[in-house]
Amino acid sequence: MKTFFTSAFCLICTLFWLTNCQQTATDKTATDKTATGGDAASAEGAQFTSEALVRGEYLVNVLGCDDCHTPKTMTPQGPIPDMSRRFIGHPATEVFVLDDEKKSFIKKENVSIFSPGMTAAAGPWGLSYAANITSDVTGIGAWTEAQFIKALREGKTKGLDDTRPILPPMPWPSYRNLSDDDLKAVFAYLQALPPQRNVVPPPM
Ligand code: HEC
């Protein structure tokens, strides 16, 4: 009788343990989903997978978007990106204009010139200011993924049909070769970064 009770007790324990294990596995899947949802939540409700965000971060870092879209801090070694203002484009407060002196210098010397922080560039095409590409509405916060793909594939500002062409030195003719998935990943990553308000001046 004692043996029967011991066996029955063990059986109950095993069943309890098995059921509990399954429960834990189900909970974990639910938690993982929530974690992905959490990443996506920062991108204003858009559904981006964690893989896209990781890939996007990798691409943005190797494609050098910071070179032109992030203002710099000057060091003895040269300019380094100011990550507290990452991707705000040319700061609205920083004056860099195309005056007659610059115009004649560009023409006479046959050169193009950058502002010290490399967020503005002047050359034979005029003067262009790097765009705000943060998730703010003054950046690409209100853009759809399709607009972003069109902008980088076809060089159309705002990624719309009836807009002006994107000016140099934005290297969209190289970026147009990125796959759809890569462009989507770049968009996902930029949308997941904090919004920063900065109204970039129009080109001259
Ligand atoms: C060599 C400088 C340079 C680099 C590198 C660069 N950009 Fe740009 N980008 C610019 C400039 C300048 C403009 C604005 C051109 C204009 O006004 O027509 C611009 C415009 C854009 C626009 C269009 C904004 C709009 O309002 O239509 C997007 C989107 C953009 N860049 C995304 C990126 C991304 C993403 C990367 C990295 C993968 C990148 N850029 C790398 C210089 C650069």
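Presented here is a report on the structure given in the accompanying data block. (Residues numbered from 1 in each chain as written. Predicted model: local features only at pLDDT ≥ 70, side-chain atom pairs only at ≥ 80, totals over all residues.)

## Considering the overall build of the protein
For the protein, the helix and strand inventory stands at seven helices and five strands. Counted from the first residue to the last, the protein has its helices and strands arranged as α-α-α-β-β-α-β-β-β-α-α-α. Counting only contacts in the protein whose residues sit at least 6 apart along the sequence, the fraction spanning at least 24 positions is 62%. (Helix = DSSP H or I, 4+ residues; strand = E, 2+ residues; numbered from the N terminus. Contact = placed C-beta atoms within 7 Å.)

## A closer look at the site of the ligand
Close contacts around the ligand come from 24 residues, with C65, C68, A131, L167 and M170 the closest. It is helix α3 (residues 65-69) that contributes the most residues to the shell around the ligand, four residues altogether. Classifying every residue of the shell around the ligand gives 18 nonpolar, four polar and two charged. (Near = placed C-beta within 6 Å. Nonpolar A, V, L, I, M, F, W, Y, C, P; charged D, E, K, R; others polar.)

## What to know about the nonpolar core
Ranked by size, the top nonpolar core spans 34 residues in total, and within it L53, F148, V186, F187, A188, Y189 and L190 carry the most contacts. When residues of this core are traced back to their parent elements, those giving at least two are α2 (50-63), α3, β4 (120-123), β5 (126-129), α5 (145-154) and α7 (180-192). The element best represented in this core is α7, accounting for eight residues. Leave out the neighbours within four places in its chain, and V186 touches G56, L59 and V60. (Core = buried A, V, L, I, M, F, W, Y, C linked by C-beta atoms within 7 Å. Buried ≥ 20, exposed ≤ 12 C-beta atoms within 10 Å, placed from the backbone.)

## Quick look at unusual backbone geometry
Across residues other than glycine, the phi torsion is negative in most instances, and most of the peptide bonds are trans. Following P168, the chain continues into P169 via a peptide bond in cis, with omega recorded as 0 degrees. Residues other than glycine seldom take positive phi values, yet N110 does so here, at roughly 55 degrees. Assignment of secondary structure puts N110 in the loop between α4 (100-109) and β3 (113-114). Taking the C-beta count within 10 Å as the criterion, N110 has 9 such neighbours and is therefore assigned exposed.

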